[in-house]
4 protein chains.
Amino acid sequence: MLNRVILIGRLTKDPELRYTPAGVAVTQFTLAVDRPFTSGGSKEREADFINIVTWRQLAETCANYLRKGRLTAVEGRIQVRNYDNNEGKRVYVTEVIADNVRFLESNNSAGSREEGGSSNSNASYGGGSGSGNRGGGSREQQDPFIDDGKPIDISDDDLPF
Amino acid sequence: MLNRVILIGRLTKDPELRYTPAGVAVTQFTLAVDRPFTSGGSKEREADFINIVTWRQLAETCANYLRKGRLTAVEGRIQVRNYDNNEGKRVYVTEVIADNVRFLESNNSAGSREEGGSSNSNASYGGGSGSGNRGGGSREQQDPFIDDGKPIDISDDDLPF
Amino acid sequence: MLNRVILIGRLTKDPELRYTPAGVAVTQFTLAVDRPFTSGGSKEREADFINIVTWRQLAETCANYLRKGRLTAVEGRIQVRNYDNNEGKRVYVTEVIADNVRFLESNNSAGSREEGGSSNSNASYGGGSGSGNRGGGSREQQDPFIDDGKPIDISDDDLPF
Amino acid sequence: MLNRVILIGRLTKDPELRYTPAGVAVTQFTLAVDRPFTSGGSKEREADFINIVTWRQLAETCANYLRKGRLTAVEGRIQVRNYDNNEGKRVYVTEVIADNVRFLESNNSAGSREEGGSSNSNASYGGGSGSGNRGGGSREQQDPFIDDGKPIDISDDDLPF
DNA sequence: TTTT
DNA sequence: TTTT
């Protein structure tokens, strides 16, 4: 009924931009968010590693301007998806669907994604057949982020907005 | 660095109260949070099912006053734990560690937990051996919520506060 | 750069719906939000009284469904306006501009606003001249909520969305 | 009942540290938070100027590490105080009482407050007479931030924590 | 495995 | 000027 998350942390890697078969941009990255305490007597700083997903225009902006290590604020909502893995076991995935992302560190190394060079993850899956197995109207979808080298099987109907 | 979550939803079941071997109360429940949209053309309301964990005094208050179906507000932070399951595979668990819980529906059916009768989950694991497999100082802990009928193997060092 | 507020409290009065000269709906109400502590040794519960503003469709929904005393959740952002009062003194007004409102108590007494009877505040100022003192492009606007019996002088340009 | 605010913005000035007569540290500063839109057709960026108050240890940390212009995240709650001004008129003051402050820009110009030199606002009002007019147990307190050159008249009973 |  |  109400579902709001606000995080500040650093990207663990460059963001990954993909496209659904219908051509909708979706970018995924992970935020390392330091915990406000140290536990177990250890003095090593711990963090939570939280998966972030953005869609459409925001996805492209994130892919263009965010990079590994950048301090970033994210606003969004928690989403829990589930899908059946290759052993037929149900897997639950928790992500934050972001609708607002703030870049807290300037892009002094200039650089849109294309200039970066160090990243090769912005492959477009815009073609894609969407091969079948979505019949029946089931709300249990495949994981769009399992990298099986095939186009992701997700329709625009699955978009959260 | 900053990690804040606010949720309003309904309990999918009665909360479950346990105790660590050191006697610290921990209560777990799941909140069904309706999504603000309907997707896939379907008209059925969808929800995210989000696991909530509370500790100490708040855990006992939640166990005493929350029940299945109650509208509840939760404030806390996202935590991502991981542990190795019985096939030696790493499993990731995302939960909201709550530090503030608001009961939005009055307890008209009166009833502290003890009077409820319908619930049998407030078993105390206060004794517990807690020995053995925590050596090595690893921060990867077992899942305290896997119900194997044995006392949960978690020390006070693992407490988030 | 990021500005997010979440409140749960009760309406101190019925909401007030008005319209800008251009016909845009704007609803105002005050939320009494109990503080989580008692201060000064007194045992009386204290509260903060926080002004909420909603626009357009949400404004009409709030006017239709919210009533004095209702438990309500509000999501939005803090806005600080200022205007010059009749003594030529600058006055600062802090409000929460809501973009999400949740009705936490059901409307068991049924009743859209029109059926309520106890309220007479949904006067429409849809006509209105809206002339005169907005020249010069100043961002300091008059207070739209000062009730001087005249149409409020606010253009659609001032709308926050 | 629930009251949560999260802001990211920049300090409009150096923070001001004071002490209550009982010796409790309180720091005040203003955050300029850019709005996510431009209104009125103007292309000038607008901002909300939001007053922040911190107490005790956090107050001293803020006074030591925050400076004018620094990008800062603040977590807290909205508080609405009121007091009677010198014309006997009731004035309402809205502030954010912060319980978590994150410094998003490093202190490369080194400098604890004492080394800063440019600031003279960390005067301690630790002595203070507390001259009388708090009898009667009224919850309407004087504004601690009106700068009249006299010690602020506030007792520990007024502290929010 | 899910709530109204 | 304030709500349960």
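An account of the accompanying structure is given in this report. (Residues numbered from 1 in each chain as written. Chains lettered and ligands numbered in written order. Predicted model: local features only at pLDDT ≥ 70, side-chain atom pairs only at ≥ 80, totals over all residues. Heavy atoms only, no water.)

## What to know about the overall build of chain A
Then step 1. Within chain A, the regular secondary structure consists of two helices and six strands.
Then step 2. Each helix and strand of chain A, ordered N terminal to C terminal, gives the series β-β-β-β-α-β-β-α.
Then step 3. At a minimum sequence separation of 6, the contacts of chain A that also span at least 24 residues come to 66%.
Then step 4. For chain A, the accessible area works out to roughly 7600 Å², and carbon and sulfur atoms hold 46% of it. (Helix = DSSP H or I, 4+ residues; strand = E, 2+ residues; numbered from the N terminus. Contact = heavy atoms within 4.5 Å. Areas by Shrake-Rupley, 256 points an atom, 1.4 Å probe, with all protein chains shown as cover.)

## Describing the relation of the copies chain A and chain B
Then step 1. With an RMSD of 0.0 Å, chain A superimposes on chain B once it is rotated by 180° and translated 0.0 Å along the axis. Each copy turns onto its partner about a two-fold axis. Residue Val5(A), judged by its C-alpha, is the member of chain A lying nearest the rotation axis, at 2.2 Å.
Then step 2. In this assembly, 100% of the residues forming the interface of chain A have copies in chain B that are likewise at the interface, indicating an isologous arrangement. (Least-squares fit on C-alpha atoms with pLDDT ≥ 70 in both.)

## Considerations on the interface of chain A and chain B
Then step 1. On the chain B side, the residues contacting the 33 residues of chain A number 33 residues.
Then step 2. Linking chain A to chain B there are two salt bridges.
Then step 3. Arg77(A) is the partner of Asp48(B) in a salt bridge, and the nearest nitrogen-oxygen pair spans 3.3 Å.
Then step 4. For the pair chain A and chain B, the interface holds 12 residue pairs in polar contact (both at pLDDT 80 or more).
Then step 5. Secondary-structure elements contributing two or more residues to the side of chain A that touches chain B are strand E1 (2-11), strand E3 (25-34), strand E4 (47-55), strand E5 (71-84) and strand E6 (90-103) of chain A.
Then step 6. Considering only residue class, the side of chain A that touches chain B consists of 16 nonpolar, seven polar and 10 charged.
Then step 7. Two strands pair when backbone bridges link them, and E1(A) and strand E1 (residues 2-11) of chain B are joined in this way by seven bridges, in the antiparallel orientation. Bridging across to E1(B), Ile8(A) finds its partner in Leu2(B). (Salt bridge = Lys/Arg side-chain N within 4 Å of Asp/Glu carboxyl O. Polar contact = N/O pair within 3.5 Å; in protein donor to acceptor, adjacent residues only side chain to side chain. Nonpolar A, V, L, I, M, F, W, Y, C, P; charged D, E, K, R; others polar. Pairing = 2+ DSSP bridges.)

## Concerning the nonpolar core
Side chains of a nonpolar character, in soluble globular proteins, are inclined to be buried together.
Then step 1. Core analysis: the biggest nonpolar cluster contains 33 residues, and Ile52(A) and Ile52(B) have the highest contact counts within it.
Then step 2. Once residues lying within four places of it in the same chain are set aside, the contact partners of Ile52(B) are Leu7(B), Thr27(B), Gln28(B), Phe29(B), Leu31(B), Val74(B), Val96(B) and Ala98(B).
Then step 3. Membership of the second largest hydrophobic core comes to 32 residues, among which are Leu7(C), Ile52(C), Leu66(C) and Val101(C). (Core = buried A, V, L, I, M, F, W, Y, C linked by side-chain atoms within 4.5 Å. Buried < 20%, exposed > 50% of the residue type's maximum accessible area, 1.4 Å probe, protein only.)

## Regarding the protein's contact with DNA strand F
Then step 1. Surveying the vicinity of DNA strand F reveals the residues Arg10(C), Leu11(C), Thr12(C), Thr30(C), Ala32(C), Asp34(C), Ala47(C), Phe49(C), Lys68(C), Gly69(C), Arg90(D) and Tyr92(D).
Then step 2. By atom count, sugar and phosphate contribute 41% of the portion of DNA strand F lying within 4 Å of the protein.
Then step 3. The separation between a sugar or linking oxygen of DNA strand F and a polar side-chain atom of Arg10(C) is 3.3 Å.
Then step 4. Within the contact set of DNA strand F, a base nitrogen lies 3.5 Å away from a side-chain nitrogen or oxygen of Asp34(C).
Then step 5. Residue assignment for the surface near DNA strand F shows that the elements contributing at least two residues are strand E1 (2-11), strand E3 (25-34) and strand E4 (47-55) of chain C together with strand E6 (90-103) of chain D.
Then step 6. When residues in the surface near DNA strand F are grouped by element, the largest group, three residues, is from E3(C).
Then step 7. The residue inventory of the surface near DNA strand F, partitioned by class, reads five nonpolar, three polar and four charged. (Near = heavy atom within 4 Å.)

## Thoughts on the relation of the copies chain B and chain C
Then step 1. Once chain B has been moved 0.0 Å along the axis and rotated by 180°, it coincides with chain C to within an RMSD of 0.0 Å.
Then step 2. A shared interface surface links the copies, since 100% of the contact residues of chain B are contact residues in chain C too.

## So, the pattern of salt bridges
Then step 1. Across all of its chains, the model carries 40 salt bridges over all chains by this definition.
Then step 2. Close ionic contact of Glu105(B) with Arg10(B) constitutes a salt bridge, the shortest N to O distance being 3.1 Å. Here the residue Glu105(B) occupies a position in the loop between strand E6 (90-103) and helix H2 (113-116), and Arg10(B) occupies one in strand E1, the gap between them amounting to 95 residues.
Then step 3. By relative accessible area, which is 37% here, Arg10(B) ends up partly exposed.
Then step 4. Across the salt bridge formed by Arg35(D) and Glu46(D), the nearest N and O atoms sit 3.3 Å from each other. Here Glu46(D) lies in the loop between strand E3 (25-34) and strand E4 (47-55) and Arg35(D) lies in the loop between E3 and E4, a separation of 11 residues in the sequence.
Then step 5. Its relative accessible area of 12% is what places Glu46(D) among the buried residues.
Then step 6. Three or more residues are tied together by salt bridges with common partners; here these are Arg4(A), Glu75(A), Asp99(A), Arg4(C), Glu75(C) and Asp99(C).

## A look at the interface of chain B and chain C
Frequently, the measure chosen for interface size is the accessible area that the parts lose on association.
Then step 1. Taken together, the contacts link seven residues of chain B with seven residues of chain C.
Then step 2. Both sides of the chain B and chain C interface together cover about 480 Å² of buried area, and 83% of this is carbon and sulfur.
Then step 3. Across the contact surface, chain B and chain C share zero salt bridges.
Then step 4. Linking chain B with chain C are zero residue pairs in polar contact (both at pLDDT 80 or more).
Then step 5. Among the secondary structure elements, those contributing two or more residues to the side of chain B that touches chain C are E1 and strand E5 (71-84) of chain B.
Then step 6. In terms of residue class, the side of chain B that touches chain C is built from six nonpolar, no polar and one charged. (Buried area = accessible area lost by both parts, 1.4 Å probe.)

## Some points on unusual backbone geometry
Then step 1. Phi angles above zero are rare outside glycine, and Arg56(B) is one such case at about 60°.
Then step 2. Among the residues examined, Arg56(B) registers a relative accessible area of 38% and is labelled partly exposed.

## Describing the pairing of strand E2 (residues 16-19) of chain C
Residue and element names in this part refer to chain C.
Then step 1. Note that E2 and E3 share four bridges and pair antiparallel. Across the sheet, residue leucine 17 finds its bridge partner in E3, namely threonine 27.
Then step 2. Counted along the chain from E2 to the antiparallel partner E3, the turn is five residues long, and its residue glycine 23 has a positive phi close to 90°.

## A closer look at the protein's contact with DNA strand E
Then step 1. Around DNA strand E lies a shell formed by Arg90(A), Tyr92(A), Arg10(B), Leu11(B), Thr12(B), Thr30(B), Ala32(B), Asp34(B), Ala47(B), Phe49(B), Lys68(B) and Gly69(B).
Then step 2. When the atoms of DNA strand E within 4 Å of the protein are sorted by group, sugar and phosphate make up 42%.
Then step 3. Interatomic distance of 2.9 Å between a side-chain N/O atom of Arg90(A) and a phosphate oxygen of DNA strand E.
Then step 4. Tyr92(A) places a polar side-chain atom, nitrogen or oxygen, 3.3 Å from a phosphate oxygen of DNA strand E.
Then step 5. Mapped by element, the contributors of at least two residues to the surface near DNA strand E are E6 of chain A together with E1, strand E3 (25-34) and strand E4 (47-55) of chain B.
Then step 6. For the surface near DNA strand E, the element with the highest residue contribution is E3(B), accounting for three residues.

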